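# Residue-level structure breakdown
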Amino acid sequence: MNSIKQRLDAQLAQPQLTKSGAICHFIGVEGLNRLQLENIIDKAMGYFDGKGRLMNTDELAGKTVMNLFFENSTRTRTTFEAAQKRLGANVLNLDIARSSTNKGETLRDTLWNLEAMSADMFVVRHSASGAAHFMASQVTPNVAIINAGDGWHAHPTQAMLDMLTIHREYCLKHSTTFDKLSVAIIGDIKHSRVARSDISALQTLGVKDIRVIAPKTLLPKGIERYGVSVFNKMEEGLAGVDIIIGLRIQNERIGSPLLPSTSEYFKHYGITDTRVALAKPDALVMHPGPMNRGVEIASNVADGEQSVILKQVNNGIAVRMAVMAMAMRGQESLRNLA
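Residues numbered from 1 in each chain as written. Predicted model: local features only at pLDDT ≥ 70, side-chain atom pairs only at ≥ 80, totals over all residues. Heavy atoms only, no water.

### Looking at the packing of helix H3 (residues 75-86) against helix H12 (residues 309-337)
Between H3 and H12, whose axes approach to 8 Å, the crossing angle comes to 55 degrees. Taken together, the axes of H3 and H12 lie oblique to each other. When the axes of H3 and H12 are compared, the crossing they make is right-handed. From H3, Arg 75, Thr 76, Thr 79, Phe 80, Ala 82, Ala 83, Gln 84 and Arg 86 reach across to H12, where they touch Val 313, Ile 317, Arg 320, Met 321 and Met 324. (Axes fitted to C-alpha atoms, helices over the stretch in contact; angles between N-to-C directions. Helix = DSSP H or I, 4+ residues; strand = E, 2+ residues; numbered from the N terminus. Parallel < 35°, antiparallel > 145°, perpendicular 65-115°, else oblique. Left-handed = near helix turned anticlockwise from the far one by under 90°. Contact = heavy atoms within 4.5 Å.)

### Describing the environment of Pro 220
Within the fold, Pro 220 resides in the loop between strand E6 (209-213) and strand E7 (229-231). The spacing of Pro 220 and Phe 70 is 150 residues in sequence and 26 Å in space, taken between C-alpha atoms. Non-local contacts of Pro 220, meaning those with residues more than four positions away in its chain, are made with Ile 189 and Lys 190.

### Thoughts on the sheet that holds strand E4 (residues 144-150)
As a general point, the strands of a sheet are linked pairwise by backbone hydrogen bonds and lie either parallel or antiparallel. Taken together, the 4 strands give an open sheet; going across it, the order is E2-E1-E3-E4, and neighbouring strands pair in parallel fashion. The sheet terminates laterally at strand E2 (90-93) and E4, the two strands that pair on one side only. With strand direction ignored, the average angle separating the axes of adjacent strands in the sheet is 15 degrees. Judged from the 5 bridges that link them, strand E1 (residues 64-69) and strand E3 (residues 121-126) form a sheet pairing that is parallel. Each residue of the ladder has a partner; that of Met 66, found in E3, is Phe 122. (Pairing = 2+ DSSP bridges.)

### Notes on the side chain of Asp 120
With respect to the element layout, Asp 120 can be found in the loop between helix H4 (107-116) and E3. Classification of Asp 120 by relative accessible area gives buried; the value is 12%. One polar contact links the side chain of Asp 120 to the main-chain amide nitrogen of Thr 64, over a distance of 2.8 Å. Aside from chain neighbours lying at most four places away, what touches Asp 120 is Gly 62, Lys 63, Thr 64, Val 143, Ala 144, Met 328 and Arg 335. (Buried < 20%, exposed > 50% of the residue type's maximum accessible area, 1.4 Å probe, protein only. Polar contact = N/O pair within 3.5 Å; in protein donor to acceptor, adjacent residues only side chain to side chain.)

### What to know about the pairing of E3
Here is the key point about a regular strand: its side chains alternate between the two faces of the sheet. Burial analysis of E3 places 6 of its 6 residues in the buried class, the great majority of the element. Both faces of E3 are covered, namely the face carrying Met 121, Val 123 and Arg 125 and the face carrying Phe 122, Val 124 and His 126. Pairing geometry for E3 and E4, over 5 bridges, is parallel. Among the inter-strand pairings, Met 121 is bridged to a residue of E4, identified as Ala 144. As for the winding sense of the linkage, the β-α-β connection from E3 through helix H5 (residues 131-139) to E4 is right-handed. (Right-handed = clockwise from strand over helix to strand, strands pointing away.)

### Here we look at the nonpolar core
In terms of nonpolar packing, the biggest core is built from 91 residues, with Ile 40 and Ile 185 touching the most fellow members. No other element matches the 12 residues that H12 contributes to this core. The residues touching Ile 40, leaving out its near neighbours within four places in the chain, are Ile 23, Phe 26, Leu 32, Met 160, Ala 322, Val 323 and Met 326. By size, the runner-up hydrophobic cluster in this structure holds 16 residues, among which are Met 66, Leu 114, Ala 119 and Phe 122. (Core = buried A, V, L, I, M, F, W, Y, C linked by side-chain atoms within 4.5 Å.)

Here's what the structure looks like:
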C-alpha cells in the first residue's frame, strides 16, 4: 500500500507545489503531506469568527476567477462561487453548453483564450480523470488550477471539507486527533471520486482504521491494497466507529447488475438509526450530497442530532476559500521569481 501511495504522491506533487512546498494549484490531496493538509484546515478555520460565522476577506481582490464546469454541478459550483465572492474576486462562469469546445475548438485553445483574458484562476470540473493535472502541467501552468472533481479520480475540496468537518465537529469537541479515529465509508466505492480523495486525506492525516462498506459489485478490485478494511455487512463495518460517511448512489447504477433496486440497497446498506447505534454513541453522520433519502440514508438520520451534513456545506465554503487563497499566493510567489 505504501508504495502505491508514494507513487501517487510523487505524480501529483508536481505541478501543484512550488519548490518551497507552497500550493500553487490544488489538483488532489495526493501529493500533499500531513502538514500541508493541516495548513489547509487551519487556514479554513481562520475564516470563522468567534460565533462560527464565515467572514469576508480581500485576499482575491482584483483577481479574476473563472468557473469552468464541463460537468453539471449545483452544490459544488455554488459553494465555490460563494467562496470566491467572500474572498473579493471577480467571478466569471463559463457557459459550457454554449462554449467553443462544443463547436469543435480544442480544450487547449479554449483555455489559452481564457488565459488571454487575464484569468488568474480556473476552477475546473471535468468528466475526464486527470483533466485538472493536464491543464496545470501542460496547458495553463501560470493560471492557478483548482480541481472541482475529475471523472472517477478525485474531488479534493470535498475531501478537505470532510476533514474540516471532522476536525471541527469531532476532534475539537472530544479533544482527540485524527490518528485515534475509526472512519467508515459506505456505498459506491468503485465509482466515487469522493471516496478516493477521502481515503487519501484520512491516511495522510494519520487515520489507521479506515473501513469501506459496500456490496462486492460496488467495490474496486484490490482495494485492500490501499490500506483499508473491507466489509460487506453494515453490522460488522459500523461497530464502534467514530465517523460514518455515506456516498451517493447514482441513478444509472440502479436496476443494473451492479445494484438490483433502491429498496434492496436500503435494506442492506441504508444508514438507519438502528445501524448508527452500532457506532459510538456520539459518532458523526456525514454525506457529500445530494442525498437520496430512503436509498442511502433514512430521513430521521439525515435530519438527526448526529448528522453534520448541513455543516459540511458551510465548511465547504471555508475550505474552498482556503485552497483558492493559498493557490493564488503560491502563483504570485512563482511570478515574483520569474
